[in-house]
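Chain by chain, the residues:
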Amino acid sequence: MQTQIEDQVGMRLHRTVLRRTATRAPEFIDITDEVLSAIDTSSVREGTVTVFSRHTTAAVVINENEPLLLKDMARFLEGAAPREASYRHNDFVVRTANMTEDECPNGHSHCQHLLLGASETIPIADGRPLLGRWQRLFMIELDRPRPREIVVQVQGW
């Protein structure tokens, strides 16, 4: 975890980078406790926290951490953009842009990401995020296990 803290004209900015690797896809990784820790470290009492995925196939969402619901959501994502469907992005004979040595067919994970998004912003009051009773923050791996970075940026007073 990498941390940076700045204090400019009374406003504080604290940035932490979480590094996580999933074991499968899709996988819902609860990062709420790390976000709470970043808020505590920042000493921000009033402001916002933004949680941002630096990847187009790993999303950040707020939802409930209930095991059966997580299975339902994984099944929903698979139904919305099945791994085995046909995607032009997966045709390596035709595709030439943004290719890497270890490129794998992952059109499904990009399409699933369209439904989820890359970030969440939560207000902070009295040093605590204003999450609801059951709300948790998740990084969702949509592609395959590999190192991921999630930026947690806290700003305020």
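Preceding this section is the structure that the text describes.
Residues numbered from 1 in each chain as written. Predicted model: local features only at pLDDT ≥ 70, side-chain atom pairs only at ≥ 80, totals over all residues. Heavy atoms only, no water.

A. Summary view of the layout of surface pockets. As a volume, the largest pocket reaches approximately 300 Å³. Around the largest pocket, the lining is made up of 18 residues, and of these Thr56, Thr57, Asn106, His110 and Arg146 lie nearest the centre. In terms of residue class, the lining of the largest pocket is built from two nonpolar, eight polar and eight charged. (1 Å grid on protein atoms, 1.4 Å probe; cavity = no way out; pocket = protein on both sides within 12 Å on 5 of 7 lines; lining within 4 Å. Points joined across faces, edges and corners; volume = space filled by probe spheres on them. Nonpolar A, V, L, I, M, F, W, Y, C, P; charged D, E, K, R; others polar.)

B. Layout of the pattern of salt bridges. What the rule picks out here adds up to 13 salt bridges. Here Asp40 and Arg128 are joined by a salt bridge, their closest N and O atoms 3.6 Å apart. Note that Asp40 is positioned in helix H1 (residues 32–42) and Arg128 in strand S7 (residues 128–129), a separation of 88 residues in sequence. Assessed through its relative accessible area of 48%, Asp40 is described here as partly exposed. On the accessibility criterion, Arg128 (41% relative accessible area) is partly exposed. (Salt bridge = Lys/Arg side-chain N within 4 Å of Asp/Glu carboxyl O. Helix = DSSP H or I, 4+ residues; strand = E, 2+ residues; numbered from the N terminus. Buried < 20%, exposed > 50% of the residue type's maximum accessible area, 1.4 Å probe, protein only.)

C. Local environment of the packing of helix H2 (residues 67–80) against helix H3 (residues 107–116). Between H2 and H3, the least distance of the axes is 9 Å, while the angle of their chain directions is 120°. With respect to each other, H2 and H3 are oriented oblique. Seen from above, H2 lies across H3 with right-handed handedness. Contacts from Phe76, Leu77, Glu78 and Ala80 of H2 reach H3 at Gln112, Leu115 and Leu116. When its residues are assigned to classes, the contact of H2 with H3 shows five nonpolar, one polar and one charged. (Axes fitted to C-alpha atoms, helices over the stretch in contact; angles between N-to-C directions. Parallel < 35°, antiparallel > 145°, perpendicular 65-115°, else oblique. Left-handed = near helix turned anticlockwise from the far one by under 90°. Contact = heavy atoms within 4.5 Å.)

D. A look at the side chain of Arg148. Mapped onto the elements of the fold, Arg148 is located in strand S9 (residues 147–156). Side chain to side chain, Arg148 and His55 meet in a polar contact 3.3 Å long. Not counting the four nearest positions on each side in its chain, Arg148 is found in contact with Leu18, Arg19, Arg20, His55, Thr57, Ala58, Met139, Glu141 and Asp143. (Polar contact = N/O pair within 3.5 Å; in protein donor to acceptor, adjacent residues only side chain to side chain.)

E. Quick look at the sheet that holds strand S3 (residues 27–30). Taken in spatial order, the three strands of this open sheet run S3-S8-S5, and their pairing is antiparallel. Taken across any chain shown, the strands that pair with only one partner, and hence form the sheet edges, are S3 and strand S5 (58–64). On average, adjacent strands in this sheet sit at an angle of 35° to one another, irrespective of strand direction. Pairing geometry for S5 and strand S8 (residues 135–141), over seven bridges, is antiparallel. Looking at S8, one finds that Asn63 is bridged to Arg136. Sheet contacts for H1: S3 and S8; angle to S8, the most-contacted strand, approximately 115°. Running at roughly 45° to S5, H3 makes contact with S5 and S8 of the sheet. (Pairing = 2+ DSSP bridges.)

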